[in-house]
Amino acid sequence: EPEVTQTPSHQVTQMGQEVILRCVPISNHLYFYWYRQILGQKVEFLVSFYNNEISEKSEIFDDQFSVERPDGSNFTLKIRSTKLEDSAMYFCASARAVRWNEQFFGPGTRLTVL
Amino acid sequence: SQELEQSPQSLIVQEGKNLTINCTSSKTLYGLYWYKQKYGEGLIFLMMLQKGGEEKSHEKITAKLDEKKQQSSLHITASQPSHAGIYLCGADMWEYGNKLVFGAGTILRVKS
């Protein structure tokens, strides 16, 4: 069964460093998402991406964040200068269509900012 | 108030007992999704409900959508230790684009 994969599974970084989280969505999916979950809190939407551009972003997704689909398979989330409060589990998701379609979630990348 | 309220926050049940988790939206829904999560891990898709009155089942888990109340319930029959985890509802709301808004989750423990 096709699945969304994410690398790395765990990333530890120093405050102020840049990190890139990688995702490989399901191959025939067109809609891509990043969510995050601070430990013990809700899963929160960050950004959605379609047709090589951001279609929607949340207030959390400020200028420190960017997304890219550098080739036909990868979807990345970059945090330019990490803060302590960026420590969270980051989930990538993909979907075939925008409505009434399951968003398939990856296993997540746990980001720890020291 | 929260856009998506889940109740209860946590639940401890004896193995073999039935249980229900509720999810209520303050906004009109396109669809309602149920996921299960083990603490600190990824989200496992359980079911998606689209139409009012829709009911779906998978093994011992049944979910229903009440369109009038903008509410969904997840019911587990004859609970087992393998059902333990965090149950999350996610809503696709009319007011927004295609993002999912999640509830706070319900922590389920099943005592043997």
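That block above? That's the structure.
These numbers come from a predicted model, not from an experiment.

A. Broad picture of the overall build of chain A. A count of helices and strands for chain A gives 0 helices and 11 strands. Helices and strands in chain A line up, N terminus first, as β-β-β-β-β-β-β-β-β-β-β. Its C-alpha atoms give chain A a radius of gyration of 13 Å, near enough to 13 Å, the size a compact globule of 114 residues would have. Here the C-alpha coordinates of chain A stretch approximately 35 × 25 × 25 Å along the principal axes. The burial tally for chain A puts 45% of its 114 residues in the buried class.

B. Highlighting the state of the cysteines. All names here are of chain A. This structure, assessed with the given rule, holds 2 disulfides over all chains. Each sulfur in the disulfide pair Cys-23 and Cys-92 lies 1.9 Å from the other. Here the disulfide of Cys-23 and Cys-92 is left-handed, its torsion about the S-S bond being about -65 degrees. With Cys-23 in strand β3 (residues 19-24) and Cys-92 in strand β9 (residues 88-95), this residue pair connects regions lying 69 residues apart in the sequence.

C. Geometry of the interface of chain A and chain B. Each partner contributes to the interface: chain A provides 23 residues, whereas chain B provides 25 residues. For the chain A and chain B pair, buried surface summed over both sides reaches about 2,000 Å², with 52% attributable to carbon and sulfur atoms. One can count 0 salt bridges joining chain A with chain B. Residue assignment for the side of chain A that touches chain B shows that the elements contributing at least two residues are β4 (31-37), β5 (43-50) and β9 of chain A. Looking at the side of chain A that touches chain B element by element, the count peaks at 4 residues for β4 of chain A. Its residues assigned to classes, the side of chain A that touches chain B shows 12 nonpolar, 6 polar and 5 charged.

D. Focus on the side chain of Asp-86 of chain A. All names here are of chain A. For Asp-86, the position within the fold is in the loop between β8 (75-79) and β9. Only 2.8 Å separates the side chain of Asp-86 from the backbone nitrogen of Lys-83, close enough to count as a polar contact. Setting aside anything within four residues of it in sequence, one finds Asp-86 in contact with Arg-36, Phe-65, Ile-79, Ser-81, Leu-111 and Val-113.

E. The pattern of salt bridges, seen in detail. Using the criterion set out here, one finds 3 salt bridges over all chains in the structure. Among the salt bridges present, the one from Glu-44 of chain A reaches Arg-36 of chain A, with a minimum N-O distance of 3.3 Å. Classification of Glu-44 of chain A by relative accessible area gives partly exposed; the value is 25%. Under the relative-accessibility criterion, Arg-36 of chain A is labelled buried at 10%. Residues Glu-3 of chain B and Lys-27 of chain B are paired through a salt bridge, measuring 3.8 Å at the closest nitrogen-oxygen approach. Of the two residues, Glu-3 of chain B is situated in the segment before β1 (4-7) and Lys-27 of chain B in the loop between β3 (19-25) and β4 (29-37); the sequence distance between them amounts to 24 residues. On the accessibility criterion, Glu-3 of chain B (24% relative accessible area) is partly exposed.

Criteria and cut-off values
Residues numbered from 1 in each chain as written. Chains lettered and ligands numbered in written order. Predicted model: local features only at pLDDT ≥ 70, side-chain atom pairs only at ≥ 80, totals over all residues. Heavy atoms only, no water. Helix = DSSP H or I, 4+ residues; strand = E, 2+ residues; numbered from the N terminus. Rg over C-alpha atoms; globule rule 2.2 N^0.38 Å. Buried < 20%, exposed > 50% of the residue type's maximum accessible area, 1.4 Å probe, protein only. Disulfide = S-S within 2.5 Å. Contact = heavy atoms within 4.5 Å. Buried area = accessible area lost by both parts, 1.4 Å probe. Salt bridge = Lys/Arg side-chain N within 4 Å of Asp/Glu carboxyl O. Nonpolar A, V, L, I, M, F, W, Y, C, P; charged D, E, K, R; others polar. Polar contact = N/O pair within 3.5 Å; in protein donor to acceptor, adjacent residues only side chain to side chain.

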